[in-house]
Amino acid sequence: MSQDQLKQAVARAALEYIRPRLESDVIVGIGTGSTANYFIDELAQVKQFFDGAVASSEASADRLKSHGIPVYDLNSIDRLSVYVDGADESNGRLQLIKGGGAALTREKIVAAVAEEFVCIADESKWVDVLGAFALPVEVIPMARSHVGRALVALGADPIYRQGVTTDNGNIIIDCHGLHIHDPEKLESDINQIVGVVTNGLFARRPADVLLLGTTSGVEEKRVSSI
């Protein structure tokens, strides 16, 4: 199976996973990226069974609206039962690197609010140690040089992602050359740098379940079962 076919398979599996909780008052949190896009397309087939969605990016909001799915501001809702999103990497503790699409801050906010975080990914994203995928950091523009120096001190090779502005009006610095053996500590250390909005480590709030698309089928992974 191609990578796109694996992404489509996990998108379908995610829909089946959340289908039992879809009711008229349910709002679904939606992530950003190619795998999340496949999920949005699947979700559109059952849009009559739930209230609407909260999107983690303007791009996802536009895709949801194109399918006729209502999109809500997170501040206007009382409860978000489930959040479905992809990942750039996942380790065995379901700690993630996210932010390849520069939506990490909003993704992290929606994940923090959701009662359950369902991650969907193809098997190329499954790793023993996080860091082969460059770790994105969202930064206030005037702090770019300061943050870059601080990231070097933490062992990273920071590269400014030119031409990219987040939905929040900020920039992205990608941290290369990391082998992240303590994701929670690094997540905290980077977030303590003045000028950092947040970084793409989802370690303090990892996924609750990972639906992993493999050539032999979709595997459901939880920390307790690994």
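Cut-offs applied
- Residues numbered from 1 in each chain as written.
- Predicted model: local features only at pLDDT ≥ 70, side-chain atom pairs only at ≥ 80, totals over all residues.
- Heavy atoms only, no water.
- Pairing = 2+ DSSP bridges.
- Helix = DSSP H or I, 4+ residues; strand = E, 2+ residues; numbered from the N terminus.
- Axes fitted to C-alpha atoms, helices over the stretch in contact; angles between N-to-C directions.
- Contact = heavy atoms within 4.5 Å.
- Buried < 20%, exposed > 50% of the residue type's maximum accessible area, 1.4 Å probe, protein only.

**A look at the sheet that holds strand β6 (residues 116–122)**
An order of β2-β1-β3-β6-β12-β13 is seen for the six strands of this open sheet, with the pairing classed as mixed. Only two strands of the sheet have a single neighbouring strand rather than two, namely β2 (52–55) and β13 (217–221). Adjacent strand axes in the sheet meet at a mean angle of 25 degrees, parallel and antiparallel pairs treated alike. With five bridges connecting them, strand β12 (residues 209–214) and β13 associate as antiparallel partners. Residue L211 lies in a different strand from β13, and its bridge partner there is E220. Along the sheet face, helix α1 (residues 3–18) touches β1 (27–30), β3 (82–85), β6, β12 and β13 and points at about 145 degrees away from the line of β12. Running over the sheet, helix α4 (residues 104–113) touches β1, β2, β3 and β6 and is turned about 145 degrees from β3.

**Section: the sheet that holds strand β10 (residues 196–199)**
Strand order in the open sheet made by the four strands is β8-β9-β7-β10, with antiparallel pairing throughout. The outermost strands of the open sheet, each flanked by one partner alone, are β8 (157–160) and β10. Pairs of neighbouring strands in the sheet enclose a mean axial angle of 30 degrees, with direction left out of account. Bridge count for strand β7 (residues 135–139) against β10 is three bridges, and the pairing is antiparallel.

**A word on the environment of D128**
In this fold, D128 is placed in the loop between β6 and β7. Under the relative-accessibility criterion, D128 is labelled exposed at 77%. A sequence separation of 38 residues divides D128 from S90, and the C-alpha atoms of the two residues are 8.2 Å apart.

**Some details on the side chain of S90**
Note on placement: S90 falls in strand β4 (residues 89–90). The exposure class of S90 is buried, given its relative accessible area of 2%.

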